[in-house]
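Secondary and tertiary structure notes
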Amino acid sequence: MVIYEALRLYPPVIALVRETDTDMKLGNKLIPAGTAIIVPIIAWHQDERFWGADVKEFNPERFAEGITKACKVPGAYLPFSFGPRNCIGQVFATIEAKVVLATILQRYRFCISSQYVHAPTVVVTLKPEFGMPIVFEEVL
Ligand code: HEM
C-alpha cells in the first residue's frame, strides 16, 4: 500500500506519449492517424474526481482493498503504464522495493531530515531536486 501510494503521488514516469496509427474516434472527436497523444499520468494520479477529496494526502490505506476500490477510474492509475508496452520491470521493481523496505525496517526506524526541501522535479524521471536526506535510528 505504501509503495502504491508513493507511486501514485510521485510516479517516476509522469507522462506517456503514444501516436495513433489509424483515424479513430474518441467520444465525438475524430483523431486522425499520426496524432501524438500525451497520457498525463501524474495529473490523473492527482485528480480529485478519481481519488476523492484527500487526493493530495499520502494515504496508503486508500489501497487497502486494491486499486479498483482506491480509484473511481482504475485505468487512471498508471505508474507502470498499461497494455502491450507496459513496464517489463514492474514485478521486479515492486518486489525490490518491498525487500529493501523490509530489510531496512528490521534494523532501523527512519524519518525525513529537517533539512529536506520538498521540490519534486523532472529530469527524465520525477525525482527530488535537492535529494532526500533521511535520519536513521538503529533499533536494538
Ligand atoms: C518504480 C520503478 C519503475 C517504474 C515506475 C517504471 C515505469 C515504466 C513505464 C511507465 C513504462 C512505459 C513507458 C512508455 O510506454 O513510454 C516503462 C517501460 C519499461 N520499463 Fe519500467 N519502470 C520501473 C522499473 C523498471 C525496471 C526495474 C526495469 C528493468 C528491470 C524496467 C524496464 C522497462 C522496459 C524495458 C520498458 C519498455 C517496455 C516496452 O516498451 O515494451 N522498468 N516503465
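Coordinates for the structure precede this section.
What comes next is a walk through the structure.

The rules behind each value
- Each chain carries its own residue numbering, running from 1 in the written order of its sequence.
- Where local features are concerned, this predicted model is filtered to residues with pLDDT of at least 70; where side-chain atom pairs are given and counted, the filter is 80 or more; whole-chain, interface and lining totals use all residues.
- As a rule here, side-chain values come from all non-hydrogen atoms in the structure, and water together with hydrogens is ignored.
- The way it works is that DSSP assigns letters per residue, a run of H or I at least four long becomes a helix, a run of E at least two long becomes a strand, and they are numbered from the N terminus.
- Based on C-alpha atoms, the radius of gyration is set beside the globule rule, defined as 2.2 Å times the residue count to the power 0.38.
- Here's how the labels work: a residue is buried when its accessible area is under 20% of the maximum for its type, exposed when over 50%, partly exposed in between, all with a 1.4 Å probe on protein chains only.
- Should any heavy atoms of two residues lie within 4.5 Å, those residues are counted as being in contact.
- Only the protein chains shown count as cover for residues, and the accessible areas themselves come from Shrake-Rupley with a 1.4 Å probe.
- For this count, His and the chain ends are skipped, Lys and Arg are scored as positive, and Asp and Glu as negative.
- Note on charges: their place is set at NZ of Lys, CZ of Arg, CG of Asp or CD of Glu.
- Each metal site is built from N, O and S donor atoms within 2.8 Å (3.2 Å for Na, K and Ca), and since water is not included, such sites may look incomplete.
- Residues grouped as a nonpolar core are buried Ala, Val, Leu, Ile, Met, Phe, Trp, Tyr and Cys residues, joined through side-chain atoms within 4.5 Å.
- Proximity is defined per residue: any heavy atom of the residue falling within 4 Å of a molecule or strand makes that residue near it.
- Within 3.5 Å is the distance limit for a polar contact, defined as a pair of N or O atoms, with the added protein rule that one can donate a hydrogen and the other accept it, and that residues adjacent in sequence qualify only through two side-chain atoms.
- Each residue is assigned to one class: nonpolar for Ala, Val, Leu, Ile, Met, Phe, Trp, Tyr, Cys and Pro, charged for Asp, Glu, Lys and Arg, and polar for all the others, Gly among them.

Some words on the overall build of the protein
- Counting secondary structure elements, the protein contains five helices and eight strands.
- In the protein, the order of α-helices and β-strands from amino to carboxyl end is α-β-β-β-β-α-α-α-α-β-β-β-β.
- Taking 14 Å as the expected radius of gyration for a compact globule of 140 residues, we find that the protein reaches 18 Å, considerably beyond that expectation.
- Within the span of the protein, comprising 140 residues, buried residues form 23% of the whole.
- Contacts in the protein between residues at least 24 apart in sequence constitute 52% of all its contacts with a sequence separation of at least 6.
- Total accessible area on the protein is roughly 10,100 Å²; 62% of this is exposed by carbon and sulfur atoms.
- Side chains of the protein give 14 positive and 14 negative charges; the mean places of these two sets differ by 4 Å.

Let's talk about the coordination of the iron atom of the ligand
- Looking at the protein side alone, the iron atom of the ligand has one donor only, Cys87 (SG), at 2.2 Å.
- Along the polypeptide, cysteine 87 turns up in the loop between α4 (67-70) and α5 (90-107).

Digging into the nonpolar core
- Residues Ile3, Leu7, Phe50, Trp51, Val55, Phe63, Ala70, Cys71, Ala76, Tyr77 and Phe80 constitute the largest nonpolar core, which totals 11 residues.
- At the level of elements, α1 (2-9) and α3 (48-51) are the ones that each hand at least two residues to this core.

Observations concerning the site of the ligand
- The local shell around the ligand holds 14 residues, among which Leu16, Arg18, Arg85, Cys87 and Ile88 are the closest.
- Residue arginine 18 places a side-chain N or O atom 2.7 Å away from an oxygen atom belonging to the ligand.
- One nitrogen or oxygen atom from the side chain of arginine 85 is found 2.8 Å from an oxygen atom belonging to the ligand.
- At the level of elements, β1 (16-19) and α5 are the ones that each hand at least two residues to the shell around the ligand.
- Class assignment for the residues of the shell around the ligand results in nine nonpolar, three polar and two charged.

Here we look at α1
- Residues of α1 that are buried include every one of Ile3, Glu5, Leu7, Arg8 and Leu9, and no others.
- Where the residues of α1 are buried, they touch α2 (41-45), α3 and α5.

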